[in-house]
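This is what each chain is made of:
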Amino acid sequence: MQFLNRNSKKIEEFKKIVTDMADSSCVVLRFTEGISEEASNWFCKMIVKPVLYGGAGLEVKKYDCNDSEVCNQIFLISASINNLILAAEKFELLKRDQFGKFTPFTVDNRYEFENFEDKNENFFTSSEKQWLINSLLSSVVCNDDKIKNVPGLPKIKVFNDRPLFNPPGINIGKVCILDCQYVIFVDYIDNQVDKLSDKSQTKLGFQKMLQRSMHKIVQIYPLHHIESLKSLENQWYLGWEQPINAIKSYFGESIALYFTFLGFYTKFLLPTAVIGILHYFFIVDENHSENVWFAVLNVVWATVFLELWKRKCSESAFNWGRLSNRIKDDFGYNEKPRASFKGKLRTSPITGMQELYYPTWKNQMKLYFISYPLLLISLLLVTVGMLFYFHLNEKVQKIYVNQTGVWVMIAKRAPKVAYAILVWICSNIYGKVAVILNDWENHRVQSSYNNHLIVKLVFFNFVNSFLSLFYIAFYLCDMAMLRQQLATLLIIQQLIQQVQESFIPYLKYKRQSVKINKNGNCVRFKRIRDTKNQVIKEGNLPPYNSTYNDYVELFLQFGYVFMFSAAYPLAGFWAFLNNIVEIRTDAFKLSKLHQRPFIEQAASIGAWQFAFEVMSIISVITNCGIIALSKSTQDWLMNDLGPLKYTLIFVAIEHMLIILKIFIAYIIPDVPGFVSQQLAQAEFKMQQTLKEKQHQLCTLEKQEIIFK
């Protein structure tokens, strides 16, 4: 409200401070041949329109393109430091003040923030500029009640309660940034829009209309800044320590937290990998009775890792100014509705303002009567597939019993490899289904959307990946088969993921031309280094949607390593080796093989923290069960104790390990001491400053009274 009520004279006075500054951002707006000039001009006017009247308040200039086949109409959209500073106040961007505390930026107190100068173009980082410009574009709405359709596009309805440009995360739009430079493609396909029924036209808003069309009408995606990216790559690919602050500055907090977690987890895998190798080469025991101590150490080590990660995460969040907002971020307090949230307009009982409303009971009905039953059906199909695999594997083993040779060995292992591939395929298929269901459930805020998606992915992938291992360990009680199955699943899935995510895209990247499908015909564009071709080249790369798939991979790997430590100590070594490569391939994937993603603000890894903690508790139970069922342990204790006492002893051991986990979690604080101290110091300095200002005001009031 402070931004909306700002006096126009004050804004003009502030603009004079930055009139000599060069534009700090540039957006490229491209229209294809199918769109009318009237429509393209209207979109440009909406972007130029002042923020107070529903626009973005940005500048648009015509730009000529030499390639007439590809570029028909291109416009440059620029944002000066003036625009960015005013936007920073509107969207409450957190910046560090002179006391070291992160507070929402305001124009009135701009000189109280670190490194702010009238002509300092580097006051905002690359990711902050990206977020501000995208926020301005995402807030563009048509508030003219007389306009019911996009001028020149009569098939597309316009509603004044919906933004014209989608924010990141929705598949109809992508935005491309060159430091703060964006590219917006607006493609209009007459044939596809004409196919939409009149009934759908009357019911669908602008965004929903775009989602229903088969082709993207608006495409927004970030364009890489070559120099900044090259500087980042030099540090990222070769060094052992990742440049986390540089990653955060370029890709945003969410991706920076993922790489922080990946690096921290990989370091903690090193002791597990070393002990596993020593165990494999120097301890030769068919029954692996010595795995008992290795399993106990692994379970304790997993707990220490998760607790120390909380401290590391708190430190990172503090350095980025997000620690004080973590509770709000985690629970969605004051969180704005998602742009794709659908509902009916109503007067809010809390604020008294107009808002979109969707009944909670409808959301719950979709969850409990559609989404979760489909999840259960998917798990049932996975179970049937697993039983068929064991039946097939048993037949193959009987056919080649007492036979030797290379081909016999390949034939015996073929069912295991095929099942590992099937597990990976099912995981990918359900991952897409989960996103579709999550979109359909119509969650109001992004935190709710994220948590429900994580729950679906965790439940399915846990059963899909580990069901066969539980079946072998606790039903068949075959430790040798369990080791083989675990090794096959872990190694094969890691190889498939590396090939799918990095190797195949890399081969496509190295090709000398890029194929683009246009109106059913295949045309080629040569790889040229100039910016105009960079726009086209990166526009045809696949988008990097989110870190969900990356966290799923780490979650499953964590389970393979720690849940069945007693059966296969070498799992930690393969995981460590994979993660060393994963850090580099994920960095290369983000830098070269995908479009630059929009930044996502984050203070933690969210619900994934809880998922990993639950997995560590299950690890205690599974390892105790595996040790109790192992032949060597039974031969050692069963005859002396009897079945009942034997079972009670292992139940007691399992409870003691869980109590030990709770104790470790208790004695390791979630927030480092120096972070708590600095937060307290910043709070104290701020309170002292407020007291001094109050004292000065009181002194002035007293002087006025005395002089009167």
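Cut-offs used in this document
Residues numbered from 1 in each chain as written. Predicted model: local features only at pLDDT ≥ 70, side-chain atom pairs only at ≥ 80, totals over all residues. Heavy atoms only, no water. UniProt positions renumbered as here; feature names shortened; annotations may be inferred. Patch = residues over 30% accessible without salt bridge, like charges linked within 9 Å, V, L, I, M, F, W, Y side chains within 5 Å. Areas by Shrake-Rupley, 256 points an atom, 1.4 Å probe, with all protein chains shown as cover. Salt bridge = Lys/Arg side-chain N within 4 Å of Asp/Glu carboxyl O. Helix = DSSP H or I, 4+ residues; strand = E, 2+ residues; numbered from the N terminus. Polar contact = N/O pair within 3.5 Å; in protein donor to acceptor, adjacent residues only side chain to side chain. Axes fitted to C-alpha atoms, helices over the stretch in contact; angles between N-to-C directions. Parallel < 35°, antiparallel > 145°, perpendicular 65-115°, else oblique. Left-handed = near helix turned anticlockwise from the far one by under 90°. Contact = heavy atoms within 4.5 Å. Nonpolar A, V, L, I, M, F, W, Y, C, P; charged D, E, K, R; others polar. Buried < 20%, exposed > 50% of the residue type's maximum accessible area, 1.4 Å probe, protein only.

An unreviewed UniProt entry lists the protein chain under the name Anoctamin, with Hydra vulgaris as the source organism. Per UniProt, the protein chain has the following entry under Subcellular location (unreviewed entry): "Membrane". Of the protein chain, the UniProt comment under Sequence similarities (unreviewed entry) reads exactly: "Belongs to the anoctamin family."

(A) Geometry of a nonpolar patch on the surface. A surface patch of nonpolar side chains, about 980 Å² in accessible area, is lined by Trp361, Met365, Tyr368, Phe369, Ile370, Leu374, Ile377, Leu381 and Trp440. Of the residues forming the nonpolar patch, the biggest block, 8 residues, is contributed by helix α13 (residues 360–399). In this structure, Ile370 sits in helix α13.

(B) Layout of the side chain of Ser604. Here Ser604 is to be found in the loop between α19 (571–593) and α20 (607–629). A polar atom in the side chain of Ser604 sits 3.2 Å from the backbone nitrogen of Gly606.

(C) Region of the structure containing the packing of α13 against helix α15 (residues 446–476). Close contact between α13 and α15 brings their axes to 11 Å; oriented N to C, the two are set at 30 degrees. Between α13 and α15, the angle falls in the class roughly parallel. Like other packed secondary-structure pairs, α13 and α15 cross with a definite hand, here right-handed. Within the contact between the two elements, α13 uses Leu367, Ser371, Tyr372, Leu375, Ser378, Leu379, Val382, Thr383, Met386, Leu387 and Phe390 and α15 uses His452, Lys456, Phe459, Phe460, Val463, Asn464, Leu467, Ser468, Tyr471, Ile472 and Leu476. Residue composition of the contact of α13 with α15, by class: 15 nonpolar, 6 polar and 1 charged.

(D) View of the packing of α13 against helix α14 (residues 406–441). Where α13 contacts α14, the axes come no closer than 10 Å and their chain directions differ by 175 degrees. Considering their axes alone, α13 and α14 lie roughly antiparallel with respect to each other. A breakdown of the residues in the contact of α13 with α14 according to their chemical character gives 13 nonpolar, 5 polar and 4 charged.

(E) Quick look at the pattern of salt bridges. All told, the structure shown has 11 salt bridges when counted by the stated rule. Here Arg322 ties to Glu253 by a salt bridge, and the two come within 3.8 Å at their closest N and O atoms. Of this pair, Arg322 sits in the loop between α11 (291–319) and α12 (326–331) while Glu253 sits in helix α10 (residues 253–282); the two residues are 69 residues apart in sequence, bridging distant segments of the chain. Comparing Arg322 with Glu253 shows no difference in burial state: the two are buried. What you see here is one network of salt bridges that share partners, running through Glu307, Lys310 and Glu613.

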